[in-house]
Amino acid sequence: MPDKTFLESVGRYFDAAAPHTGLPDGLLKQIKVCNSVYQIYFPVKIDGEVKVIEAYRAQHSHHRSPTKGGIRYSNHVNQEEVVALATLMSYKCAIVDVPFGGAKGGVRINPWEYTEADLEKITRRYTTELIRRKFIGPAIDVPAPDYGTGPREMAWIYDTYRSFHPDDINAAGCVTGKPVSQNGVRGRSEATGRGVFYGIREACNQQELMNKLGLTLGIEGKTMVVQGLGNVGSHTATISQDEGGVKIIGVSEVEGAIYNPEGLDIHDVIRHRGEHGSILSYPGAQSFGKDERRAVMEFECDILVPAALENQIDADNAHAVKAKIVAEAANGPVTADGSAILAERGIIVLPDIYLNAGGVTVSYFEWLKNLSHMRFGRLQKRFDERNYQRIVNQIEETTGKSISERDRQMIVHGADEIDLVRSGLEETMITGFEGIYAIYRDQEGVNDLRTAAFALAISKISNDYISLGIWP
Ligand code: GLU
């Protein structure tokens, strides 16, 4: 079964990296296992009929508090999937130095089959169940959006939590990914996609790596194919095109896939889908219907970005992948068998536990904002602007030259919240890449970036166990 393969794949990735850490077996086992899983069944009345809803929250690792990870609404949710996703969250947080343990929640429903009112009922009831068992709270476990959920659901969760904890001054920190008007942070919605872009850009800036792949240095001009135009895929594609000069040549969605080696304007494709309800029939592109949409994995391109669900590249289609780089924007899009085949064929995989960590990174910023009860930039923005003005004035006076109004505006601009969030995210993704790349480059026997990423994550978590005195 594919879902079982997902958890098995994560286990195999861990086992491949573990020997490179030099840690004792007992400690490795503690870092591998999922600490707790809460399974819930609760009734919800929908259209006069009672429906029993199956739901989960898994907390993979309590080496740091709170635990952190999204909540997924999908028909495919099951315990193994939630555990696999929670496990990836622990390693993800460790790699990007976000001080949380990993968690994940899931509600087994197809959210597109329910009305907004029903979804609100389900979300509030699920939250109540988590509160009842102390599986949520700013210091305990902090959910966020994932597949099938977004800011709207996070606002319901926050509101439900707040009504049960009216005296908790930090209640807003019980969930992240909230709308900006409801104590969210600017830049959270785009964060995963923006982080994916920064991660790909860093990889493309490595001369040795690009030589190996026969590609030119730098992201500019590279061709990209994106599977899935949800939150992660659409932001990855638009930011890569707008800020990286990447040529998007193929995309896929539930209805099918389109391909045009001459390039697609991704903004126009998204607008077309909004207008026509489908990407198919996009002018100038070759179309592949619903049944052939897996062809997207085989499109010729430099960078393939699976940005939908797990198990998309496996032993069946890994041989047919034509990309040079597979950038895992989704969680677990390549199975362990698929990964081995890609590695054998010299295809570089940028692993999910690093590449899509931008979401949880900005969630961390949101949580910090909630605990500090203040917008980022509020204290220093005007102070900085006044200083920059003085510096520019002084330079103009001493040189006798003046700069254009546009340049002046750019130089004197003090950082807003969005500037600081993007800057913090960029710094995080660059530092994260450096950590992984150093292991990949320098450590004997580590032949792929995923093994390097797992080794880095395991070592960082082990340091916590050791310094906490939990491990002798
Ligand atoms: N669901 C996202 C992920 O898989 C975000 C988690 C979070 O922000 O806590 O990384």
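Owing to the predicted nature of the structure, the values given are computational and were not obtained by experimental measurement. (Residues numbered from 1 in each chain as written. Predicted model: local features only at pLDDT ≥ 70, side-chain atom pairs only at ≥ 80, totals over all residues. Heavy atoms only, no water.)

Undergrad: Explain the UniProt feature "site: Important for catalysis" (unreviewed entry) in the chain here, please?
TA: Following the UniProt record, the feature "site: Important for catalysis" (unreviewed entry) maps to D146 here. When you line up the elements, D146 lands in the loop between β5 (141–145) and α5 (151–164). For D146, the residues in contact, after removing those within four places along its chain, are G70, I71, R72, K104 and N331. Reaching out from D146, the side chain makes a polar contact with the side chain of K104 at a distance of 2.9 Å. (UniProt positions renumbered as here; feature names shortened; annotations may be inferred. Helix = DSSP H or I, 4+ residues; strand = E, 2+ residues; numbered from the N terminus. Contact = heavy atoms within 4.5 Å. Polar contact = N/O pair within 3.5 Å; in protein donor to acceptor, adjacent residues only side chain to side chain.)

Undergrad: Could you clarify how one ought to interpret the site of the ligand in this entry?
TA: Taken together, 14 residues form the shell around the ligand, and within it K68, K92, K104, D146 and S363 come nearest. Between K68 and the ligand, the recorded distance is 2.8 Å, taken from a side-chain N or O atom to an oxygen atom. Between R188 and the ligand, the recorded distance is 3.0 Å, taken from a side-chain N or O atom to an oxygen atom. A total of 290 Å² of accessible area belongs to the ligand in isolation, and the protein chains cover 95% of it. For the shell around the ligand, the secondary-structure elements that each account for two or more residues are β3 (67–73), α3 (79–95), β5 and α12 (358–372). Its residues assigned to classes, the shell around the ligand shows 4 nonpolar, 5 polar and 5 charged. (Near = heavy atom within 4 Å. Areas by Shrake-Rupley, 256 points an atom, 1.4 Å probe, with all protein chains shown as cover. Nonpolar A, V, L, I, M, F, W, Y, C, P; charged D, E, K, R; others polar.)

Undergrad: What am I meant to see in the sheet that holds strand β4 (residues 101–107) here?
TA: Across a sheet, strands are paired by hydrogen bonds formed along the backbone, either parallel or antiparallel in direction. Pairing within the open sheet is mixed, and its 5 strands lie in the order β1-β2-β4-β3-β5. Two strands lie at the open edges of the sheet, namely β1 (36–46) and β5, each paired on one side alone. Taking the axes of each pair of neighbouring strands and ignoring which way they run, one obtains an average angle of 25° across the sheet. Where β3 lies against β5, 5 bridges are found, and the strand directions are parallel. Each residue of the ladder has a partner; that of G69, found in β5, is P143. Lying over the sheet, helix α4 (residues 116–132) contacts β1, β2 (49–59), β3 and β4, oriented at roughly 140° with respect to β1. (Pairing = 2+ DSSP bridges. Axes fitted to C-alpha atoms, helices over the stretch in contact; angles between N-to-C directions.)

Undergrad: Looking at this model, I keep getting lost on the pattern of salt bridges. Mind explaining?
TA: Note on pairing: side chains with opposite charge can pair once their charged atoms come close. Taken as a whole and assessed by the stated rule, the structure comprises 36 salt bridges. Two residues, E190 and R422, come together in a salt bridge whose shortest N-O distance is 2.9 Å. On the criterion of sequence distance, the pair formed by E190 in the loop between α5 and α6 (191–204) and R422 in helix α15 (residues 417–442) is long-range, its members being 232 residues apart. Here E190 falls in the buried class, since its relative accessible area comes to 11%. Take R422: its relative accessible area is 31%, and that puts it in the partly exposed class. (Salt bridge = Lys/Arg side-chain N within 4 Å of Asp/Glu carboxyl O. Buried < 20%, exposed > 50% of the residue type's maximum accessible area, 1.4 Å probe, protein only.)

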